[in-house]
Amino acid sequence: MTTFTNVTFRIRRYDPASQPQPVWEDHTLPYAGGMTVLDGLRTLKETVLPTLAWRSSCRMGVCGSCGMFINGRPRLACNTQVTELGTSLVTVAPLPNFRIIRDLVPDLRPMFDAHAALMPHIIRDDEDEMEEPTNEYWQTPHQLEEFLQFTYCIKCGCCMAACPTFATDPAYSGPMPLGQAHRYNTDSRDGGFGARRAVLGGDRGPWKCHYAGECSQACPKGVDPARAIQLMKRQLVFDYLRLWKQPSPARLAVVPAEVKRRADVPEAPARTI
Amino acid sequence: MRDRTLWTWHVFAGLVILVILGLHMAVMHLDAILGIFNPAGGHPVDWANVVARAQQTFFAVTYVVLLGAALFHGLYGLRTIIFELGIGSGLKTTVSGVLVLGGLAMFAFGAWAAWASHTLARTQ
């Protein structure tokens, strides 16, 4: 494994309120075993760069706050060890394709606005049951498998930063919101395809995707939004051609009351509802 | 919904182009095997063969269909490229209008030319 004595962090600093252009600053740190890029940034903030700004929270690749442009690729700073970059020069910039609020903090509002516009939640007619659940909805393991990988998205924005279409066309929703729309369209408990179709069928839909696949390459959680977008295109086109119709949303799981469990069948785990 | 409709027809136009260009390739480059579209023998672009094909309604129709499919496919692609330059909504409307009018004009002229050659060939 590559190890270093020192690591140089080349950080892009920018405060739109006081600087006309971003500037690059180099700072060298002694390397510590297992050092992540986020560790390095924290050390720098505690020692020489008290005004350096970035977002981070969980430090374990779960919250999606610390997406940054590290050595030319969108990555999570907490999930990127310095040694895996293969060089002692670590270049850190904010995620591209977004306005910069300050230093390493991008303005992710366009992404979350597009996300909200595509209604990323279960939509059903039985609102009372949704508000006060009395039972679970039927869903087979196969139905779960249809959308499971898309639930691993942590909304870090790495896919948006890697997308060449979003780079040139801000009207394009981008891989994260589209991937999440597909996640709910594919969920057998959901009945909201018709509502989302009104947005997806227009210029905020998946039609501008060239299938460069960079979003899937960049995703730190191994989600494949490019696949979601292509599947969504097929679903929408088949719907247009009247070759596909969204099935009725899954019903409540009614457990038979009079059934007696066989002795050789283990007891089911406790119900969550 | 308009984008979904346009994209669907863009894909269909691509499939039509694939089939008709496949036919074109077969006629032009596989005549030694097929021969049926070049009844006069010799090279497929010899005048006698061109006239023989132009006399057939089937070919006149494929020319018009290929023209329509290629124009729609190409101009929709051009529109997408221009839109990705990040132009404003007003300019987008103008670009769409120019491409629609230009496409219709080229289709009308090309379809007229294809049908005129068919009509002319039938008098030979």
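Here, the structure is the one placed above.
Residues numbered from 1 in each chain as written. Chains lettered and ligands numbered in written order. Predicted model: local features only at pLDDT ≥ 70, side-chain atom pairs only at ≥ 80, totals over all residues.

K.L.:
What exactly am I supposed to notice about helix α8 (residues 193-200) of chain A here?
P.N.:
Counting along an α-helix, one turn takes 3.6 residues, and residues three or four places apart therefore face a common direction. Residues and elements named next belong to chain A. Within α8, the full set of buried residues consists of Phe193, Arg196, Arg197 and Leu200. Down the axis of α8, the smallest arc covering the buried residues is 115°, so these residues share one side. Within α8, the exposed residues directed more than 90 degrees away from the buried face are Gly194 and Ala198. Looking at the buried positions of α8, the neighbouring elements they touch are α7 (175-186) and α10 (225-240). (Buried ≥ 20, exposed ≤ 12 C-beta atoms within 10 Å, placed from the backbone. Helix = DSSP H or I, 4+ residues; strand = E, 2+ residues; numbered from the N terminus. Arc of directions from axis to C-beta. Contact = placed C-beta atoms within 7 Å.)

K.L.:
Help me understand the nonpolar core in this model?
P.N.:
Taken as a class, soluble globular proteins show a tendency for nonpolar side chains to be buried jointly. Ranked by size, the top nonpolar core spans 52 residues in total, and within it A:Val37, A:Met68, A:Ala77, A:Val92 and A:Cys159 carry the most contacts. Ignoring anything within four residues of it in the chain, the contact list for A:Val92 reads A:Phe9, A:Ile11, A:Arg12, A:Val37, A:Met68, A:Ile70 and A:Leu104. Of all hydrophobic cores here, the second largest spans nine residues; its members include B:Tyr63, B:Leu66, B:Phe72 and B:Ala114. (Core = buried A, V, L, I, M, F, W, Y, C linked by C-beta atoms within 7 Å.)

K.L.:
Whenever I open this one, unusual backbone geometry confuses me. Can you help?
P.N.:
Working note: non-glycine residues mostly have negative phi, and peptide bonds are mostly trans. Residues and elements named next belong to chain A. Residues other than glycine seldom take positive phi values, yet Asn97 does so here, at roughly 75°. Structurally, Asn97 is set in the loop between β5 (89-93) and β6 (100-102). Since 22 C-beta atoms lie within 10 Å of it, Asn97 is described here as buried. Here Tyr211, not a glycine, exhibits a phi torsion of approximately 60°, which is positive. For Tyr211, the position within the fold is in the loop between α8 and α9 (214-218). Residue classification places Tyr211 among the partly exposed positions, given that 14 C-beta atoms sit within 10 Å.

K.L.:
Looking at this structure, I do not really get the interface of chain A and chain B. What am I missing?
P.N.:
Much of the literature gives interface size as the accessible area that the parts lose upon coming together. Contacts between chain A and chain B engage 13 residues on the former and twelve residues on the latter. Elements supplying a minimum of two residues to the side of chain A that touches chain B: α6 (164-168) and α10 of chain A. Here the element with the most residues in the side of chain A that touches chain B is α10(A); it accounts for three residues.

K.L.:
Teacher, can you tell me more about the packing of α7(A) against α10(A) here?
P.N.:
For any two helices packed against each other, one specifies the crossing angle of their axes together with the interaxial distance. Residues and elements named next belong to chain A. The geometry of α7 relative to α10 is characterised by a closest axis approach of 8 Å and an angle of 55° between their N-to-C directions. On the basis of the axis angle, α7 is oblique to α10. The crossing of α7 and α10 is left-handed. Each of Pro175, Met176, Leu178, Gly179, Ala181, His182 and Asn185 in α7 lies in contact with α10, whose residues at this interface are Pro225, Ala226, Ala228, Ile229, Leu231, Met232 and Gln235. Here the residues of the contact of α7 with α10 are counted per class, giving ten nonpolar, four polar and no charged. (Axes fitted to C-alpha atoms, helices over the stretch in contact; angles between N-to-C directions. Parallel < 35°, antiparallel > 145°, perpendicular 65-115°, else oblique. Left-handed = near helix turned anticlockwise from the far one by under 90°. Nonpolar A, V, L, I, M, F, W, Y, C, P; charged D, E, K, R; others polar.)

K.L.:
I'm lost on the sheet that holds strand β3 (residues 67-70) of chain A in this one. Help?
P.N.:
Consider a sheet: its strands pair through backbone hydrogen bonds, and that pairing is either parallel or antiparallel. Residues and elements named next belong to chain A. Strand order in the open sheet formed by five strands is β2-β1-β5-β3-β4, and the pairing between neighbours is mixed. Edge positions in the sheet fall to β2 (23-30) and β4 (73-76), since each has one partner strand and no second. Averaged over all pairs of adjacent strands, the angle between strand axes in this sheet comes to 35°, irrespective of strand direction. Where β3 lies against β4, four bridges are found, and the strand directions are antiparallel. (Pairing = 2+ DSSP bridges.)

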